[in-house]
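Structural overview
Chain residues, written in single-letter form:
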Amino acid sequence: MEAFGEIVLDPPLIERFGGRGPRYTSYPTADRFGPNFDPAHYTQALLERAGRRDAPLGLYLHIPFCRTICYYCGCNKIGTKHQERSAPYVSALQREIDLITLLIGRGQKITHLHFGGGTPTFLLDEEFAQLFETIGNRFELASDGEYSIEIDPRTVTPARLLTLRALGLNRVSLGIQDFDLEVQRAVNRVQPHDETRALIDASRDAGFHSINVDLIYGLPKQTTAGFERTLEQTIAAQPDRVALYNYAHLPQLFKPQRRIAEADLPSAQTRSQIFDLAVKMFRSAGYAYLGLDHFARAGDELSVAQREGRLHRNFQGYCAHDSGDLIALGVSSISSVGSVYAQNEKTLDAYYERLMQGELPIARGIEVGYDDFVRRDVIQSLMCNFRVNWPEIETRHGIIAPEYFADAIRELAPMHEAGAIEIRPQGIEVLPRGRLLVRAVAMAFDRYLRHSPAAGTYSKIA
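Residues numbered from 1 in each chain as written. Predicted model: local features only at pLDDT ≥ 70, side-chain atom pairs only at ≥ 80, totals over all residues. Heavy atoms only, no water.

In this section: the overall build of the chain. Tallying secondary structure elements over the chain gives 18 helices and 21 strands in all. Compactness check: the chain gives a C-alpha radius of gyration of 22 Å against a globular reference of 23 Å for 462 residues, within 12% of the reference. Principal axes of the C-alpha set define a box for the chain whose edges measure 60 × 55 × 40 Å. Considering the chain as a whole, with its 462 residues, one finds that 56% of them fall into the buried category. A fraction of 73% describes how many contacts in the chain between residues 6 or more apart in sequence connect residues 24 or more apart. Looking at the chain, you have 51 positive and 57 negative side-chain charges, and the mean spots of the two groups are 3 Å apart. (Helix = DSSP H or I, 4+ residues; strand = E, 2+ residues; numbered from the N terminus. Rg over C-alpha atoms; globule rule 2.2 N^0.38 Å. Buried < 20%, exposed > 50% of the residue type's maximum accessible area, 1.4 Å probe, protein only. Contact = heavy atoms within 4.5 Å. Lys, Arg positive; Asp, Glu negative; His and termini not counted. Charge placed at Lys NZ, Arg CZ, Asp CG, Glu CD.)

Take a look at the structure:
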C-alpha cells in the first residue's frame, strides 16, 4: 500500500484526466439542491434528531460581514463598514437557535463548533459572548470538543485572541493568501507579514490547540519566485495546517472578481510550478498531503486520522472524527441532519423575514436516498483516504460492490491503465501520481453527473 501523505505531480496525467469537478464537501453536491424542497422535511429531520442525543452533533455559524471585500473571494459575504449591522444579525442567530432547540430539545452535546464567513471577527467581543451564552444555555459543549473560528489578521489583536480563547474557542484559522505586496494590492488585501506572524505567535501563546493558515495560488501578479518567499515565511511560522487553494476565476458568478484583470493572472505553467514548489517545500518541512489543497504536520491529528482511516470531510473541510449531524445557522449556511441537506436563505432580508415569521429560514435542499448514502460513503472514503475498500462498503450497505459500481469501474479503467489508480478485487487505491485527480476518481461514482453533467460551475480539478 502506498504511504499516506505522498503525492507525485504528473502534468501529462493531469492534462489527460483533469478538467473541472465538485469538491465533494457533500454528496449530493450543493448545486443539486432544489428550491422545491419542502422545509417540513428538515423539520422532521430535526425532530428525529431529538431521539439521537448520543450521536455526534456540530454547529456552524456563518457571519457574512466584511469591512473590505477581497476581489478573489467567492464566499457569501456582505461588504459594510457599519458595525451596527452586527447586533440585529446576532439577535437573528439567537432566534434561529431557539427555533432549532424547540425541535431537537435542549442539552444536546456539541462536539464541533465553527464560525465562518465572511469575517466572523466582524462581531464585537460582547456579541460573541452573547452567542456563547445562548449556545451554552441550549446545548452542552463537550469538554474535548473542537471549537474553531476564522479570523482576519488585519483586524484582530493579540488581546482579542485571549478574549476569544477565554470564551472556549480552541482552534483558529488565519487568511494569508500571499505575502507579496504587489499581489495583495491587486486583490485588495494588504496584510503585512510582520503583523500576521505576530498574530500566529500570539495564537500559540494564547493556547489555541491548532493553527491553520490559508494560501491561494493563481492570484494576479503572482510569480514562482514571489510565492516561494511566501512559502518560506509561512513555513517559518510553523502553522499546524495549511490550506493551499487554487484560485478559481469565475467573474460571471462573483462580481468582485471583475476587478481582477485577466491579463494579470499567472499562466497555467506558472500555477503548476507554484504548486509543485509548494509540495516539495511542505514535504521538506514535515507536512503531509491530506488531499485536495490541504497539508498538515505528520503528527497533526488530521494526518494521524488519515493514516488510521478515520478522516472525514464536511462543509468546513477535513476533520479527524465524524462530526455526525451538522446544524448550520445564519444566512446561506447548509445543514446536514439525518437524510436531509437544507440551505438557509441567501439574502439577509429574506433570512430576517423568515425568522420574524417564526419559520426556519430554509430556501432549498434535498433528501438523501439509499443510493446517495452508498455513493456518499464511497466518495468520502476516496476523498479522505485515497482508497475504498469494497468489503467495508458491502458490509455497511448490503450490496455486491463490483456489480453495483460496474459502470464506474469501467469508466475508471483508463486511469488504472495510466497508473493513476489501482483497481483491485478488494477495492480502489488512488496512487501518488493520481492523488491530485482524486476528484476525477470520485466523479465516476456521482450519478447526478451522468444525468446532468453541466448542473454546476465547478473549479479545476488540478
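Let's pick the thread back up.
Taken in spatial order, the three strands make up an open sheet running E18-E20-E19, and their pairing is antiparallel. A strand with exactly one partner marks an edge of an open sheet, and here the two such strands are strand E18 (387-389) and strand E19 (421-424). Pairwise comparison of adjacent strand axes, ignoring direction, gives a mean angle of 15° for this sheet. Taken together, the three bridges between E18 and strand E20 (residues 427-430) define a ladder with antiparallel strand orientation. Residue pairing for E20: Val388 is matched across the bridge by Ile428. Sheet strands in contact with helix H12 (residues 370-385) are E18 and E20, and its direction is about 135° off that of E18. Against the sheet, helix H13 (residues 390-397) engages E18, E19 and E20, with an angle of about 55° to E18. (Pairing = 2+ DSSP bridges. Axes fitted to C-alpha atoms, helices over the stretch in contact; angles between N-to-C directions.)

Now for helix H7 (residues 193-205). The end-to-end C-alpha separation of H7 is 18 Å, in line with the 18 Å expected for 13 residues at 1.5 Å each. Every buried residue belonging to H7 is among Thr196, Leu199, Ile200, Ala202 and Ser203, and all of these are buried. Down the axis of H7, the sector holding all buried residues measures 165°, keeping them to one side. In H7, those exposed residues whose orientation departs by more than 90 degrees from the buried face are Asp194 and Asp205. Buried positions along H7 lie against strand E6 (139-151), helix H5 (158-167), strand E7 (171-177), strand E8 (210-217) and helix H8 (224-237). Looking one or two residues beyond H7, the residue adopting positive phi is Gly207, at roughly 95°. (Expected span 1.5 Å × (residues − 1). Arc of directions from axis to C-beta.)

This part is about H12. Taking 1.5 Å of rise per residue, the 16 residues of H12 would be expected to cover 22 Å, and the 23 Å separating its terminal C-alpha atoms lies within 8% of that figure. With 12 of its 16 residues buried, H12 lies for the most part within the structure. All of the buried residues along H12 are Asp371, Asp372, Val374, Arg375, Asp377, Val378, Ile379, Ser381, Leu382, Met383, Cys384 and Asn385. After H12 finishes, the residue Phe386 shows a positive phi value of roughly 60°.

Turning our attention to the packing of aromatic side chains. All told, the structure shown has 18 aromatic pairs when counted by the stated rule. Seen from their ring centres, Phe33 and Tyr341 are 5.6 Å apart, and the 20° between their planes marks the pair as stacked. Of the two residues, Phe33 sits in the loop between strand E1 (20-21) and helix H2 (39-49) while Tyr341 sits in strand E16 (residues 340-344), which places them 308 residues apart along the sequence. Judged by its relative accessible area of 4%, Tyr341 is buried. The ring of Tyr448 is capped by Arg447, whose NZ or CZ atom sits 4.5 Å from the centre of that ring. (Phe/Tyr/Trp six-rings, centres within 6.5 Å; stacked < 30°, edge-to-face > 60°. Lys NZ or Arg CZ within 6 Å of the ring centre and 35° of its normal.)

What follows is about the layout of surface pockets. Approximately 840 Å³ is the volume found for the second largest pocket. Forming the walls of the second largest pocket are 36 residues, and the residues nearest its centre are His312, Asp322, Arg376, Asp377 and Gln380. Of all the secondary-structure elements, those providing two or more residues to the lining of the second largest pocket are strand E12 (312-314), strand E14 (325-329), H12, E18 and H13. Looking at the lining of the second largest pocket element by element, the count peaks at eight residues for H12. (1 Å grid on protein atoms, 1.4 Å probe; cavity = no way out; pocket = protein on both sides within 12 Å on 5 of 7 lines; lining within 4 Å. Points joined across faces, edges and corners; volume = space filled by probe spheres on them.)

What follows concerns the side chain of Gln343. Its place among the elements puts Gln343 in strand E16. Residue classification places Gln343 among the buried positions, given a relative accessible area of 6%. One polar contact links the side chain of Gln343 to the main-chain carbonyl oxygen of Ser332, over a distance of 2.9 Å. Apart from the residues within four sequence positions on either side, Gln343 is in contact with Phe33, Ser332, Ser333, Ile334, Pro361, Ile362, Ala363 and Arg364. (Polar contact = N/O pair within 3.5 Å; in protein donor to acceptor, adjacent residues only side chain to side chain.)

Attention now moves to the nonpolar core. Among the nonpolar cores identified, the biggest contains 131 residues, and Tyr42, Phe115, Phe282, Ile327, Trp390 and Phe445 are the most heavily contacted of them. Take this core: its biggest share by element is nine residues, from helix H3 (residues 86-104). Counting 11 residues, the second largest nonpolar core, distinct from the first, contains Tyr72, Cys73, Val183 and Leu219. (Core = buried A, V, L, I, M, F, W, Y, C linked by side-chain atoms within 4.5 Å.)

It is worth spelling out the packing of H8 against helix H9 (residues 268-284) at this point. Packing of H8 against H9 leaves a shortest axis separation of 10 Å and a crossing angle of 25°. Considering the angle they form, H8 stands roughly parallel to H9. Where H8 crosses over H9, the handedness of that crossing is right-handed. Contacts from Thr224, Phe227, Glu228, Leu231, Glu232 and Ile235 of H8 reach H9 at Thr270, Gln273, Ile274, Leu277, Ala278, Met281 and Phe282. Class assignment for the residues of the contact of H8 with H9 results in eight nonpolar, three polar and two charged. (Parallel < 35°, antiparallel > 145°, perpendicular 65-115°, else oblique. Left-handed = near helix turned anticlockwise from the far one by under 90°. Nonpolar A, V, L, I, M, F, W, Y, C, P; charged D, E, K, R; others polar.)

Moving on: unusual backbone geometry. Cis geometry marks the peptide bond from Tyr27 to Pro28, where omega comes out at 0°. Inspection of the secondary structure assignment puts Pro28 in the loop between E1 and H2. In this structure, the amide linkage connecting Gly117 to the following residue, Gly118, adopts the cis form with an omega of 15°. On the secondary structure map, Gly118 appears in the loop between strand E5 (108-117) and helix H4 (125-138). Not every positive phi belongs to a glycine, and Leu292 is a case in point at roughly 50°. The residue Leu292 is located in the loop between strand E10 (287-291) and strand E11 (294-297) in this model. Despite not being glycine, Ser332 has its phi angle at roughly 70°, a positive value. Within the secondary structure, Ser332 is located in the loop between E14 and strand E15 (334-337). Judged by its relative accessible area of 11%, Ser332 falls in the buried class.

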